[in-house]
Amino acid sequence: MAGALTFFPPDPPLYKFERVNKDGEVLEDDDEEGTNQNGVGRMEGKDDEDYYDDDDDDSDLGTFEIDTSSSHQMNNNNKKKNSNDQADDEAKRKQQRQNRQEQQQRQQEAASQDPIVAMTERSNKLRKRAKHRAKIDSEDHTNGGVTYNFIPDTSILGNLPSFNGTIHPIKIGPQKRTGTYIAALLYKLPSNEITDKTKTILYSHGNATDIGAMAGLQCLIAKNLKCNVLVYDYSGYGESGGIPMEKNTYRDVKLVYEWVVSNVTKHEHNVILYGQSVGSGPSCYLASRRDNVGGLILHSPFTSGMRVLTPSRALACLDIFPNIDRIKKVKCKVFIIHGKKDVEVKFEHGYVLSFIHL
């Protein structure tokens, strides 16, 4: 129940990763039936169950060792577009607006459906999307040389703040268990501003958003705090593969953390975990298992997922993200931010977590 109420990725996403091959050519996107714009089918891959993991096996979450073999794909998002490209972008934005309007209409229609039917349809859609994304990412990884251009939906988000560093759109993976890849943006300071003490914030965003919607904030954080920032999308969000589930968010943050330590900071004590709302779950999970992490910032955190809905423990067996238990095991410094007028997650949640951690 709590899990079903937690994960609602924006549909359509508020950004796109434009795929570019090693020759600099933009690759066509396939539809979810597995064909490109010319009607050519992609190669068949694994069976359905290999594209997403929704069973109760969490054996891979028991231990945590830094794996330095994570994928390392980066490219600068500093290319200037010509007039034809700009016209194409405007056409794409117009189509995105139309898609968003159609999606809102479908959501309104779905609201009038039987809730079980609506949830089943949503689950089937997420599974279909997971299979589609897994095929694309797996083939790109196998072929090699594929990089990405980050294209935010500026028709919704507006222009992003200036940033004097570089923005690297990357796919991190594959996950050892699920085989999926995680979409992320690395906001990296200019080399002349980076020292051995430069921190990297690993940002786990809230619900109903994605790295496109968070792009402006991350620019400001990196620019004003003089730090690197890596923000990622959970499984099933944006350009990430897989399906949105509590256990998958733990796998996601572990994978991204390994990549950051191996490819950006080189030292765990230079990584600051930042979890906003739902993102407090994976952030607390990781901080409770890594003694050398540099710090933990919790922004509007909850004590647990079910406690947001009801203080009763009658449904404790359905609870998710038990931050109230994990915060006791966190050894690094913790900074909690919570507004007293927060109507979604009450201020008391943040207060309780801060009191327990003292």
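Up top is the structure.
Residues numbered from 1 in each chain as written. Predicted model: local features only at pLDDT ≥ 70, side-chain atom pairs only at ≥ 80, totals over all residues. Heavy atoms only, no water.

If you had to explain the pairing of strand β5 (residues 200-204) to someone new, which residues and values would you point to?
For β5, the buried fraction is high: five of the five residues fall into the buried class. Burial of the side chains of β5 extends over both faces: Thr200, Leu202 and Ser204 are buried on one face and Ile201 and Tyr203 on the other. Taken together, the five bridges between β5 and strand β6 (residues 228-232) define a ladder with parallel strand orientation. From the neighbouring strand, leucine 202 faces β6, where its bridge partner is leucine 230. Following the backbone out of β5, through helix α5 (residues 215-225) and into the adjacent parallel β6, one traces a crossover that is right-handed. (Buried < 20%, exposed > 50% of the residue type's maximum accessible area, 1.4 Å probe, protein only. Helix = DSSP H or I, 4+ residues; strand = E, 2+ residues; numbered from the N terminus. Pairing = 2+ DSSP bridges. Right-handed = clockwise from strand over helix to strand, strands pointing away.)

If you had to explain the nonpolar core to someone new, which residues and values would you point to?
Residues Leu202, Leu230, Tyr232, Leu273 and Leu296 are the most contacted members of the largest nonpolar core, which totals 39 residues. Mapped onto this core, the elements with two or more residues apiece are β3 (166-172), β4 (182-188), β6, α6 (246-265), β7 (271-276), α7 (280-287) and β8 (295-299). Here this core takes nine residues from α6, the largest share from any one element. With residues near it in sequence (within four places) discarded, leucine 273 still touches Leu202, Tyr257, Ser283, Leu286, Ala287, Val293, Gly295, Leu296 and Ile297. By size, the runner-up hydrophobic cluster in this structure holds 25 residues, among which are Leu185, Cys227, Val229 and Val231. (Core = buried A, V, L, I, M, F, W, Y, C linked by side-chain atoms within 4.5 Å. Contact = heavy atoms within 4.5 Å.)

Requested: an account of the pattern of salt bridges, with residues and values cited.
Under the definition given, this model contains nine salt bridges. A salt bridge links glutamate 193 to lysine 226; the shortest N-O distance between them is 3.7 Å. Of the two residues, glutamate 193 is situated in the loop between β4 and β5 and lysine 226 in the loop between α5 and β6; the sequence distance between them amounts to 33 residues. Exposure remark for lysine 226: the relative accessible area of 47% places this residue in the partly exposed category. (Salt bridge = Lys/Arg side-chain N within 4 Å of Asp/Glu carboxyl O.)

Quick one: what's the story with the sheet that holds β8, residue by residue and with numbers?
Sheet architecture is open: seven strands sit in the order β3-β4-β6-β5-β7-β8-β9, paired in mixed fashion. Edge positions in the open sheet fall to β3 and β9 (334-337), since each of these has one partner strand only. Along the sheet, successive strands turn relative to each other by an average axial angle of 20°, direction set aside. Here four bridges tie β4 to β6, and the two strands are oriented antiparallel to one another. Residue pairing in the sheet places leucine 185 in a bridge with valine 231 of β6. Running at roughly 160° to β5, α5 makes contact with β3, β4, β5 and β6 of the sheet. (Axes fitted to C-alpha atoms, helices over the stretch in contact; angles between N-to-C directions.)

I'd like a rundown of the pairing of β4, residues and numbers included.
With six of its seven residues buried, β4 lies for the most part within the structure. The pairing of β3 with β4 spans seven bridges and is antiparallel. Counterpart to threonine 166 in the pairing with β4 is lysine 188.

Could you give an account of unusual backbone geometry, with specific residues and numbers?
In this model, aspartate 11 is joined to proline 12 through a cis peptide bond whose omega is 5°. On the secondary structure map, proline 12 appears in the loop between α1 (2-6) and β1 (15-20). Of note, the amide linkage connecting glycine 173 to proline 174 takes the cis form, showing an omega dihedral of 5°. The residue proline 174 is located in the loop between β3 and β4 in this model.

Please give an account of the environment of lysine 333 that cites residues and values.
Within the secondary structure, lysine 333 sits in the loop between α9 (323-326) and β9. Accessibility expressed as a relative area gives 74% for lysine 333, which makes it exposed. Sequence-wise, lysine 333 and isoleucine 297 are 36 residues apart; in three dimensions their C-alpha atoms are separated by 8.6 Å. When sequence neighbours within four positions are dropped, the list of residues in contact with lysine 333 reads Gly295 and Leu296.

Report on helix α10 (residues 347-357), specifying residues and quantitative values.
Every buried residue of α10 is listed here: His349, Gly350 and Leu353. The buried residues of α10 occupy an angular sector of 95° when projected down its axis, which confines them to one face. In this structure, α10 carries Tyr351 and Phe355 as exposed residues pointing more than 90 degrees from its buried face. Elements that come into contact with the buried residues of α10 comprise β8, α8 (305-309), α9 and β9. (Arc of directions from axis to C-beta.)

Worth remembering: the numbers are spatial, not functional.
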